[in-house]
Amino acid sequence: REMIFVLLSDHGDGFGEYEIEPGHGYSLRQNQLHVPIVFYGPRWLPRGRLTEPASLVDVAPTLLDLFALAPLPRAQGRSLLPGRHDPPSAVYAERTWFLWDHRGPPLLARISADGTKLVSGRSTPLLWNLHESPCEDQAHARSIDVDAASELARFQREQSITAERWEAKYGA
């Protein structure tokens, strides 16, 4: 009665879709990104379902907020508790290595609240509308939103700075 259960996964998995070998870590497709986050605590939490974008970086801020504890300094993420924060316009994902080729290009994805997914890192950015193509079986040939592309570039810079700080403090 006094517990809160959090059920989540750190990544999804591929089962040979898209003519890519099974497993994870090689792609930013939804089958590897879209994972459950379930908070269960009837005494503490109201029933409900979140429909806006959320990320695993939101788990710690949510638990800290739930217990009225101070947020972590410089932490990414936000509380998912109802009415606490405006939903983000997008969530981000990155793939910085290949299982079979560590020199492969880093890929970055921006998934908007409207279901638009932009993936950069290849010679041509890919754009999907996840409402029209939830399995990402056909990229949409719409023009790339300049604001979304610049947000993705900002995210990449922030992640690079964070990685450099981590390596300087803890080693590679």
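In short, a report on the structure. (Residues numbered from 1 in each chain as written. Predicted model: local features only at pLDDT ≥ 70, side-chain atom pairs only at ≥ 80, totals over all residues. Heavy atoms only, no water.)

Our next topic: the pairing of strand β5 (residues 116-120). Buried residues dominate β5, accounting for five of its five residues. Side chains T116, L118 and S120 of β5 all project onto a buried face; the interleaved residues K117 and V119 project onto the opposite face, where all are buried too. Sheet analysis places strand β4 (residues 107-112) next to β5, joined by four bridges and oriented antiparallel. If you follow R110 over to β5, its bridge partner there is L118. Once β4 ends, the chain turns through three residues before running back antiparallel as β5, passing G115 with a positive phi of about 90 degrees. (Buried < 20%, exposed > 50% of the residue type's maximum accessible area, 1.4 Å probe, protein only. Helix = DSSP H or I, 4+ residues; strand = E, 2+ residues; numbered from the N terminus. Pairing = 2+ DSSP bridges.)

Attention now goes to the sheet that holds strand β6 (residues 126-129). Read from one edge of the open sheet, four strands run β3-β4-β5-β6, paired in antiparallel fashion. Here the strands that pair on one side only, and so sit at the sheet edges, are β3 (90-95) and β6. Averaged over all neighbouring strand pairs, the angle between strand axes comes to 15 degrees, with direction disregarded. Note: β3 against β4, six bridges, orientation antiparallel. Following the sheet pairing, Y92 is matched in β4 by R110. (Axes fitted to C-alpha atoms, helices over the stretch in contact; angles between N-to-C directions.)

Any aromatic ring pair is given by two values, namely how distant the centres are and how the planes are angled relative to each other. By the definition in use, this model includes one aromatic pair. Taking the centre distance of 5.3 Å and the plane angle of 65 degrees together, the rings of W44 and F67 count as edge-to-face. Of this pair, W44 sits in the loop between β2 (37-40) and α2 (59-66) while F67 sits in the loop between α2 and β3, and the two are 23 residues apart along the sequence. Taking relative accessible area as the criterion, W44 reaches 32% and is therefore assigned partly exposed. Directly above the aromatic system of W44 lies the positively charged group of R43, at a separation of 4.9 Å from the ring centroid. (Phe/Tyr/Trp six-rings, centres within 6.5 Å; stacked < 30°, edge-to-face > 60°. Lys NZ or Arg CZ within 6 Å of the ring centre and 35° of its normal.)

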